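# Architecture at a glance
Here's the letter readout for the chains.
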Amino acid sequence: MRLFPTYLFLALISSAILFHACQTDNTVGKLPDKVDFNFHIRPILSENCYLCHGPDVSSREADLRLDLEATAKAVLDNGKRPIDAHNWSESEIRRRVTSDDLEIQMPPPSSNLSLSANEKALIAKWIEQGAEWKEHWAFIPPVRQFANLQTANQPSRLAGTKTQLLNDNQLTIDYFI
């Protein structure tokens, strides 16, 4: 019976260590060469911005929608654009997500949400690359990509045949069936 408090104490300490390890990191990791809206940006906006600036009229703040390209890139009352393509420094989103002023900081501290340094860097790079908006991935028809299979480490009998690739060096199972 005396072991139960010890195990409880160890469980609490382990939880505290894991919680601390999962906190927002302020270092910027390696960013992709091309930032993709659906893969990189939409999840950030969805998790941190759409609650107040999304499709739900009853919870929308400042009459701003960041889930639609037309409104996310439109000119605001202050003359700035929330997302100003190719111009991170003039984008209102830059001023909001990098601010230390609690009155203008987004997401607001009261939401208990925050952007990591890596997420901010992804948004900045995406905007500088032109802020290419894409329809939700579920509405984009898949495109089959083919590549020539003749490489240095593949038999010459495959020369000239084509098959769908999973990545640079993996063939789909369909090739072998």
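This text gives an overview of the structure that appears in the document. In this text the structure is predicted, and so the values were computed from the model without any measurement. (Residues numbered from 1 in each chain as written. Predicted model: local features only at pLDDT ≥ 70, side-chain atom pairs only at ≥ 80, totals over all residues. Heavy atoms only, no water.)

### Considering the overall build of the protein
Scanning the protein for helices and strands turns up six helices and two strands. A burial count over the protein gives 27% of its 177 residues as buried. Across the protein, the fraction of contacts at a sequence separation of at least 24, relative to all contacts at a separation of at least 6, is 46%. For the protein, the exposed area adds up to about 12800 Å²; of that, 57% sits on carbon and sulfur atoms. (Helix = DSSP H or I, 4+ residues; strand = E, 2+ residues; numbered from the N terminus. Buried < 20%, exposed > 50% of the residue type's maximum accessible area, 1.4 Å probe, protein only. Contact = heavy atoms within 4.5 Å. Areas by Shrake-Rupley, 256 points an atom, 1.4 Å probe, with all protein chains shown as cover.)

### Remarks on the side chain of Ser 91
Note that Ser 91 resides in the loop between helix H4 (69–72) and helix H5 (92–98). A distance of 2.9 Å separates a polar side-chain atom of Ser 91 from the backbone nitrogen of Asp 84. Other than its neighbours up to four places away in sequence, Ser 91 contacts Arg 81, Pro 82, Ile 83, Asp 84 and Ile 127. (Polar contact = N/O pair within 3.5 Å; in protein donor to acceptor, adjacent residues only side chain to side chain.)

### Remarks on the nonpolar core
Grouped together as the largest cluster of nonpolar side chains are 24 residues, with contacts concentrated most on Ile 41, Ile 123, Trp 126 and Ile 127. Taken together, the elements giving at least two residues each to this core come down to helix H2 (37–48), H5 and helix H6 (117–128). Ranked by the residues each element gives to this core, the list is headed by H6, at six residues. Those residues in contact with Ile 123 that lie beyond four places of it in its chain are Ile 41, Ile 44, Trp 88, Ile 93 and Leu 115. (Core = buried A, V, L, I, M, F, W, Y, C linked by side-chain atoms within 4.5 Å.)

### What about unusual backbone geometry?
Of the consecutive residues Met 106 and Pro 107, the connecting peptide bond is found in the cis state with omega at -10°. In this structure, Pro 107 sits in the loop between H5 and H6. Not every positive phi belongs to a glycine, and Ala 62 is a case in point at roughly 55°.

### Some words on the pattern of salt bridges
If you walk through the whole model with that rule in mind, you get seven salt bridges. Across the pair Lys 34 and Glu 132 runs a salt bridge, and its minimum N-O distance is 3.5 Å. Here Lys 34, found in the loop between helix H1 (3–21) and H2, pairs with Glu 132, found in the loop between H6 and strand E1 (146–148); they are 98 residues apart in sequence, far enough to count as distant. Taken together, the shared-partner salt bridges connect Glu 92, Arg 95 and Arg 96 into one network. (Salt bridge = Lys/Arg side-chain N within 4 Å of Asp/Glu carboxyl O.)

Such coordinate-based values are descriptive only and should not be taken to indicate function.
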